[in-house]
Number of protein chains: 2
Amino acid sequence: MKILIDVMGGDNAPQVPVEAAVKAANELGVHMVLIGDTDTINNELKKYTYPEENISIVHASEVISNHEEPAKAVRRKKDASVVVAANLLKKGEGDAMISMGSTGALLTAGLLIVGRIKGILRPVLAATLPTAQGPKLLADSGANTNCRPMNLVQFGVMGDIYMRNLFGMENPRVALISNGEEEGKGDDLTKKAYPLMKDAPFNFIGNIEGRDIMEGNADVMVCDGFAGNIVLKTIEGMGSVINKKIKGIFKKNIITKIGALFVMGGIKEFKKSMDYREYGGAILLGCKKLVVKGHGSSDLKAAYSTIKQAKSFIDADVNGEIEEKLKLVAVEETEEA
Amino acid sequence: MKILIDVMGGDNAPQVPVEAAVKAANELGVHMVLIGDTDTINNELKKYTYPEENISIVHASEVISNHEEPAKAVRRKKDASVVVAANLLKKGEGDAMISMGSTGALLTAGLLIVGRIKGILRPVLAATLPTAQGPKLLADSGANTNCRPMNLVQFGVMGDIYMRNLFGMENPRVALISNGEEEGKGDDLTKKAYPLMKDAPFNFIGNIEGRDIMEGNADVMVCDGFAGNIVLKTIEGMGSVINKKIKGIFKKNIITKIGALFVMGGIKEFKKSMDYREYGGAILLGCKKLVVKGHGSSDLKAAYSTIKQAKSFIDADVNGEIEEKLKLVAVEETEEA
C-alpha cells in the first residue's frame, strides 16, 4: 500500500506531516511518498530512523496557500505539492493522498485531476463528529456550497457505506439536517431531497434538527456543504470557547486549582472523547482514489490518525462498494461539474 | 403600556405564562392582557395577588399546537389564543404580543395579521446568543427558510437598530455568516448579498465563519432562517450535551463530588453567562407592532425576561427607527409574501 502525503500543507508543515509519515512507515508498514521540496524534506528526515524501503520523496517546487483562489492555483501551479500528488494518484502511483493544506485546492485537485467515480455527480467532504453517541459522519462538511437534491442522496449513499466499513455499523441511520423534523420542513433543497432519500438504498430516518447533531441522533447527517461547513465550525468554535472558560474557572485561585485535581481525570477523558484528532481528517468520498483532508492545525497525533484512517479506508475497499450501490440510485444526469 | 400574552402556548402553559404576567404586573407596572381560556386563567390567577388594574383577560377558545401546519391553523382557528392576540395587536389594543407556543403559528400570525412595516419584505426572527463577547444577535434564527439577497440586507438594518437600542451598542459590527471569510466565499445567496451589504447603512465587517459565532466576533450575524435555525439548535444541542457530560464527571464518585464543590461557583457563573433565559425570547422584527417568541420550554425566569425585553423594546421605539433607516436602503421591490 502506497500513501501520498503533501508535506508542504498545513500550519505545522513540513515538520508534522514528515514526522507522521515516518511514524506510519515505522508502525503501519505503509509505504509513504512524501511530496514537496526535496531539500526541506531531507532536512526533516535526518531527525528520524525508518525502514528506507517505506519512504520515498517526490519533488514539488511550489505550494498553494490558503489565500489563493483554489481553481486558478491548481490550474496554474503545475508543480504545487498538492497538484503533483493528485497527478501521481491519478497515474496509479499511490492508493490515497493526504494534504493538510488549502481545502479548496485539495477539493479542486480531487475533482479535476483524480476524477469522480462513474455515476457520482459530486464528491462529498465527509467529516467525523464526536457526539454523545460516538463518532458520526457529517456529509457534506464543506465541499459543495450549492447542491441539487440528487447530490444529497448520493452523499447519503457514500456516507452509509463509509460508516458500515470504517465504523462497523450494521445499518447506519441516515438523516437530512433541516429546520424541523416533519417532512414538510426545510429549504427548497431539502424539501425536494426528502422523497428521494426515502427511496434510496439506505436507512433514511427523516429530518434531524441542529440539536440532534451533537446528541448523535443519526449516524450519517446529510446537508449541503454551506450548511455543513457552518455546523462544523460552529461546533469547533463553541468547543474552543467552552474549553477556555473551563480552564479559566479551574485556574482562578488556589481553591479551584485544588478542585480541578479531583475532577481532572474525568475532564481529560471527556476532552479526549470530543477531540477531532482521534478521528483523522475529512474524507473526500466519491473520487476514483481516496483523497483525505487533514485538519490544517493537525499536530502529530491528528496527522498520524489521518494516515491510519486512509489505510483503513483502502483496506475496506469502500470505493468498490460505492460503485456497486450507485447502480441502485436513479441518477438524473451523468455529468455535472 | 399594554402587553398581550398568549398564556396557552409553551411546554409550561398556562402556569408559567400566567405567573410571569403577574410578576410583570407587580414589578414592572405593565398592563398585561392574558389571552386564553378564561376559566383556566382565573384558576391560575387565584394563586397570586396583583394590582387588578394591571391584569385583564381576553377569552380564546382554541389553541394551535406545534404539530399543526401553521398557515392552515392560523387561517382556520379564528379563536386560537395566538390569533386572538394578533388581532388585538393589529387593532391597537396592545403594544406588543408574546407567545411561547408554535413558532410557525406566531410567525404566520405576525406576518398575515399584524402585518409588516412599510418597506419590509420579510420580518426577521432575531435571537440573542450568549457568546464569549457577550450577547450577540442572530438574524434570521428561523423565520425565513428561502431568502433573497435584499432580505439579508434588511435583516442587517433591523439587527443593527435592535443592538443599538436594546444593548446600547454605538456601532454594531454586522456580518454575513458564510463558509469562508473572503468576499468570494458563500452560497449563491450570500455571494449576491455581500456587495449589497457593503452599501447598506450599517457597519458591515464582511463574512464570518461558524467558529466566529460563539466567539462573538460580530454583533449582528445575518443569515437565512434555514442556516440560522440549524446554528441556533446546534449550539443548544451542544450546550445540553456538554452540560450533561460535566454533571456526569462531577457526580462520578466521592472524590469528584468533593472536587466539584471547589469549582462550583465558577461553573455556575459560566452557566449563567451561557443561559438563554437571561436574554428573553426571539423577536420578530419588522412587523408593525412587536411580536415576541418566548422559548417553548421557558420557565418563570425565561418568561419574565421575555416580558421585560418586550417592555424595553417598546420604550426604545425601535420600529420608528426601522422605518426611518429603511428609506436609506434601495429595495428591489415593495411587496413579497
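Residues numbered from 1 in each chain as written. Chains lettered and ligands numbered in written order. Predicted model: local features only at pLDDT ≥ 70, side-chain atom pairs only at ≥ 80, totals over all residues. Heavy atoms only, no water.

Draft legend 1. Broad picture of the overall build of chain A. Across its full length, chain A holds 12 helices and 11 strands. What you see for chain A is a C-alpha radius of gyration of 20 Å, in line with the 20 Å of a compact globule of 337 residues. Once the C-alpha set of chain A is aligned to its principal axes, its extents read approximately 65 × 60 × 35 Å. Counting the 337 residues in chain A, one finds 57% classified as buried. For chain A, the accessible surface area stands at approximately 13,300 Å², while carbon and sulfur atoms represent 50% of it. Within chain A, the 43 negative side-chain charges are centred at a point lying 5 Å from the centre of the 42 positive side-chain charges. (Helix = DSSP H or I, 4+ residues; strand = E, 2+ residues; numbered from the N terminus. Rg over C-alpha atoms; globule rule 2.2 N^0.38 Å. Buried < 20%, exposed > 50% of the residue type's maximum accessible area, 1.4 Å probe, protein only. Areas by Shrake-Rupley, 256 points an atom, 1.4 Å probe, with all protein chains shown as cover. Lys, Arg positive; Asp, Glu negative; His and termini not counted. Charge placed at Lys NZ, Arg CZ, Asp CG, Glu CD.)

Draft legend 2. Spotlight on the domain arrangement of chain A. Residues and elements named next belong to chain A. Structurally, chain A comprises domain 1 (1–123 + 286–320) and domain 2 (126–277). Taken residue by residue, the interface counts 18 residues in domain 1 and 17 residues in domain 2. Carbon and sulfur atoms make up 54% of the surface buried where domain 1 meets domain 2, a total of about 1,500 Å² over both sides. Linking domain 1 with domain 2 are 0 salt bridges, by the criterion used here. Here the side of domain 1 that touches domain 2 takes 7 residues from helix α11 (residues 300–316), the largest share from any one element. Looking at the side of domain 1 that touches domain 2 residue by residue, the class counts come to 8 nonpolar, 7 polar and 3 charged. (Domains from an automatic or database assignment. Contact = heavy atoms within 4.5 Å. Buried area = accessible area lost by both parts, 1.4 Å probe. Salt bridge = Lys/Arg side-chain N within 4 Å of Asp/Glu carboxyl O. Nonpolar A, V, L, I, M, F, W, Y, C, P; charged D, E, K, R; others polar.)

Draft legend 3. The packing of aromatic side chains, seen in detail. According to the stated counting rule, one finds 6 aromatic pairs over all chains in the structure shown. Measuring from ring centre to ring centre gives 5.1 Å for Y194 of chain B and F204 of chain B, while their planes differ by 80°; the resulting arrangement is edge-to-face. Of this pair, Y194 of chain B sits in helix α7 (residues 188–198) while F204 of chain B sits in strand β8 (residues 203–208); the two residues are 10 residues apart in sequence, bridging distant segments of the chain. Both residues of the pair, Y194 of chain B and F204 of chain B, belong to the buried class. Of the aromatic side chains, those joined through ring pairs into one cluster are Y162, F167 and F313 of chain A. (Phe/Tyr/Trp six-rings, centres within 6.5 Å; stacked < 30°, edge-to-face > 60°.)

Draft legend 4. Spatial organisation of the interface of chain B and chain A. With 49 residues of chain B at the contact, the number on the chain A side is 49 residues. A per-residue breakdown of the area chain B buries against chain A is headed by F226, M238 and F262 of chain B, which together make up 14% of the total. Counting every contact that joins chain B to chain A gives 6 salt bridges. Put simply, E215 of chain A and K244 of chain B hold a salt bridge, and the shortest N to O gap is 3.4 Å.

Draft legend 5. How the structure looks around the sheet that holds strand β11 (residues 290–293) of chain A. Residues and elements named next belong to chain A. A sheet is described by the order of its strands in space; here 11 strands give the open sequence β3-β2-β1-β4-β11-β10-β5-β6-β9-β7-β8, paired in mixed fashion. Where the open sheet ends on each side, the last strands, each with one partner, are β3 (55–59) and β8 (203–208). When the angles between neighbouring strand axes are averaged without regard to direction, this sheet yields 25°. Of the strand pairs in this sheet, strand β4 (residues 96–99) and β11 are connected by 4 bridges, and their pairing is parallel. (Pairing = 2+ DSSP bridges. Axes fitted to C-alpha atoms, helices over the stretch in contact; angles between N-to-C directions.)

Draft legend 6. The arrangement of the relation of the copies chain B and chain A in detail. Of the two same-sequence chains, chain B is brought onto chain A (RMSD 0.1 Å, axial shift 0.0 Å) by a rotation of 180°. Viewed as a symmetry operation, the transformation between the two copies matches a two-fold axis. Among all residues of chain B, the one whose C-alpha sits closest to the rotation axis is G259 of chain B, at a distance of 2.1 Å. Both copies share a contact surface, since 98% of the interface residues of chain B are interface residues in chain A too. (Least-squares fit on C-alpha atoms with pLDDT ≥ 70 in both.)

Draft legend 7. Summary view of helix α9 (residues 225–250) of chain A. Here α9 of chain A contains 26 residues, and its C-alpha end-to-end distance of 37 Å stays within 8% of the 38 Å for a straight helix at 1.5 Å per residue. Two to three positions downstream of the cap, the backbone nitrogen of F226 of chain A sits 2.8 Å from a side-chain oxygen, assigning the N-cap of α9 of chain A to D224 of chain A. (Expected span 1.5 Å × (residues − 1). Polar contact = N/O pair within 3.5 Å; in protein donor to acceptor, adjacent residues only side chain to side chain.)

Draft legend 8. Local environment of the packing of α9 of chain A against helix α10 (residues 254–273) of chain B. Direction vectors running N to C along α9 of chain A and α10 of chain B enclose 150°, while the axes themselves pass 9 Å from each other. In terms of axis orientation, α9 of chain A runs roughly antiparallel to α10 of chain B. The handedness of the crossing between α9 of chain A and α10 of chain B is right-handed. Contacts between α9 of chain A and α10 of chain B pair I242, K245, I249 and F250 of chain A from the former with V263, G266, I267, F270 and S273 of chain B from the latter. Of the residues belonging to the contact of α9 of chain A with α10 of chain B, the class tally is 6 nonpolar, 2 polar and 1 charged. (Parallel < 35°, antiparallel > 145°, perpendicular 65-115°, else oblique. Left-handed = near helix turned anticlockwise from the far one by under 90°.)

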